[in-house]
Amino acid sequence: MGGIRDEGAISGERLTDRVGIGVLTRLVHRDLVDEVLAETGRTEKRSRLLPARVVVYYVMAMCLFFGESYEEVTRLLVNGLRFLGTWRKEWTVPTSSAVSQARRRLGPEPLKALFERVALPCAQRGTQGAWLGNFRLMAIDGFVLDLPDTPANDAEFGRSGGEKNPAPFPQVKIVGLGECGTHAVVAARLGPWRTDEGTLARDLVADFEPGMLITADRGFYAYRLWEAAAAAGADLLWRMPDGPHLPVVRPLKDGSYESFLLDPKVRRRRAVQRHRGAAHIEEPSGIPVRVVEYEVTNREGKGEIFCLITTIMDPDDASAAELAAAYAERWEFESGLDEIKTHQRGRGAVLRSKSPDMIEQEIWALLLTHYAVRHLMCEAADQADIDPDRLSFIRSLRIIRRQITDQAGFSPSPSRESS
């Protein structure tokens, strides 16, 4: 997959013909990269030490070897070529300054476009743990990443804690849409830390598709967001926050019941009418939903009531017990986000970019490389006919890192690649 090809005849080849990052280039192949570079206006007219295509792969590698310096990432990519006899000593490893300049020329747009082109739901019909009947189990959730403490990042993204007790680093907020069964993030929106997750989720509605069953925690519920999400064509299964009373319109055979969501504006009008003693109070009407209520007991023996609402109105399509079990699968997507925050990035680590544009570039590359790893894991699980949850993300990441350092290739031709 990707990597080195035709080691015997390399004379005259361009660096961009030889660069690869191993298994990941099968998904992000160079023809696709060139196509995206052309679409985003990043195709270069003159030869450089670090052409745009190389920089795309370099930024992806940077997100796989998160703790390494710019120059060390380059060295890791060319590791093994010396013994293969394909390394040309005349070509100098680019300095950190040269890499930074090349990243700025590239900008965030190509990595964002690549993620949007590549990151599609990857669970097949036979993928274990990824489906509820004909519904593809999906989730939305958010997380925060720490950024380098620079004036530009602080001004663009801000930080939590307020003036009296500010956080040590600026922070970016990300809300992702992903598959519960594979942990693959297939769409994302990002913004300053102060941005409400519901606002970012509202933008994600454009990525909801028929056949998906999208789960969300109670922090995401809002009447207008539910209204927009339900209109997108996907089915929904969200936990309700404490507060809104859901009247029983009709009990159903599985213990769930039909109800409706009342527009907050209507609710307020009715409250005013009651307060004023109006002779006629507006009849309630709203968005029809089905309600599933159940109790979960924690380790201490204390119970917590869960109230779920769904657009799946027929118990024959999905019973109350099946919906409760499907909602529990939402935790799998949270685990996927933790893979990005903790295992791929490194516990407690901050991103490395010092400007907002480069932060965006790095985040899209981070999401792209995580998706590529998860896509490979899904394929491996399907071939072995096992649940992808049984495969270790950390172990898979280590294997891919080793494969990249063994096979990824720069075989530069100084006569044609020098800037």
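Residues numbered from 1 in each chain as written. Predicted model: local features only at pLDDT ≥ 70, side-chain atom pairs only at ≥ 80, totals over all residues. Heavy atoms only, no water.

As for the overall build of the chain
Inference 1: Looking only at helices and strands, the chain features 16 helices and 10 strands.
Inference 2: Burial status across the chain gives 51% buried among its 419 residues.
Inference 3: Long-range contacts, defined as pairs at least 24 residues apart, comprise 69% of the intrachain contacts of the chain with a sequence gap of at least 6. (Helix = DSSP H or I, 4+ residues; strand = E, 2+ residues; numbered from the N terminus. Buried < 20%, exposed > 50% of the residue type's maximum accessible area, 1.4 Å probe, protein only. Contact = heavy atoms within 4.5 Å.)

As for the environment of Ala 130
Inference 1: Along the polypeptide, Ala 130 turns up in the loop between α7 (109–118) and β1 (131–132).
Inference 2: For Ala 130, a relative accessible area of 1% puts it in the buried group.
Inference 3: Sequence-wise, Ala 130 and Thr 182 are 52 residues apart; in three dimensions their C-alpha atoms are separated by 6.8 Å.

So, the packing of aromatic side chains
Inference 1: The final tally for this structure, using the stated rule, is 5 aromatic pairs.
Inference 2: Plain terms: the ring middles of Phe 115 and Trp 364 are 5.6 Å apart, the flat faces sit at 40° to each other, and that makes the pair tilted. With a gap of 249 residues between them, Phe 115 in helix α7 and Trp 364 in helix α14 (residues 356–384) connect regions that are remote in the sequence. A single burial state applies to Phe 115 and to Trp 364, both of which are buried.
Inference 3: An aromatic cluster is defined as three or more aromatic residues linked by ring pairs; in this entry it consists of Tyr 294, Phe 306 and Tyr 327.
Inference 4: The ring of Phe 306 carries the charged tip of Arg 239 above its face, separated from the ring centre by 3.7 Å.
Inference 5: The ring of Phe 66 carries the charged tip of Arg 352 above its face, separated from the ring centre by 5.8 Å. (Phe/Tyr/Trp six-rings, centres within 6.5 Å; stacked < 30°, edge-to-face > 60°. Lys NZ or Arg CZ within 6 Å of the ring centre and 35° of its normal.)

Observations concerning the side chain of Arg 290
Inference 1: Relative to the helices and strands, Arg 290 is located in strand β9 (residues 286–297).
Inference 2: A distance of 2.9 Å separates a polar atom in the side chain of Arg 290 from a polar atom in the side chain of Ser 256.
Inference 3: Reaching out from Arg 290, the side chain makes a polar contact with the backbone oxygen of Ile 312 at a distance of 2.9 Å. (Polar contact = N/O pair within 3.5 Å; in protein donor to acceptor, adjacent residues only side chain to side chain.)

Observations regarding the environment of Glu 179
Inference 1: Inspection of the secondary structure assignment puts Glu 179 in strand β3 (residues 171–179).
Inference 2: Among residues more than four places away in sequence, those in contact with Glu 179 are Pro 121, Cys 122, Ala 123, Arg 136, Leu 137, Met 138, Ala 184 and Phe 333.

Observations regarding the pattern of salt bridges
Inference 1: The final tally for this structure, using the stated rule, is 21 salt bridges.
Inference 2: A salt bridge links Asp 34 to Arg 53, with the nearest nitrogen and oxygen atoms 2.6 Å apart. Here Asp 34 is found in helix α2 (residues 30–39), whereas its partner Arg 53 is found in helix α3 (residues 52–64), with 19 residues between them in sequence.
Inference 3: A relative accessible area of 10% means that Arg 53 is categorised as buried.
Inference 4: The residue Arg 290 makes a salt bridge to Asp 254 at a minimum N-O spacing of 2.6 Å. Here Arg 290, found in strand β9, pairs with Asp 254, found in the loop between β7 (250–251) and β8 (257–262); they are 36 residues apart in sequence, far enough to count as distant.
Inference 5: The exposure class assigned to Arg 290 is buried, which follows from its relative accessible area of 0%. (Salt bridge = Lys/Arg side-chain N within 4 Å of Asp/Glu carboxyl O.)

What about the nonpolar core?
Inference 1: Membership of the largest hydrophobic core comes to 114 residues, with the highest contact counts inside it found for Ile 140, Ile 214, Trp 238, Leu 261 and Ile 309.
Inference 2: Ignoring any residue separated from it by four or fewer positions in sequence, one finds Trp 238 in contact with Ile 140, Ile 214, Thr 215, Ala 216, Phe 220, Tyr 221, Leu 225, Trp 226, Ala 229, Cys 307, Leu 308 and Ile 309. (Core = buried A, V, L, I, M, F, W, Y, C linked by side-chain atoms within 4.5 Å.)

Examining unusual backbone geometry
Inference 1: A positive phi angle is found at His 183, which is not glycine, with a value near 70°.
Inference 2: Tracing the backbone shows His 183 in the loop between β3 and β4 (185–192).
Inference 3: Although it is not a glycine, Asp 385 adopts a positive phi angle of roughly 55°.
Inference 4: Structurally, Asp 385 is set in the loop between α14 and α15 (393–407).
Inference 5: For Asp 385, a relative accessible area of 54% gives the class exposed.

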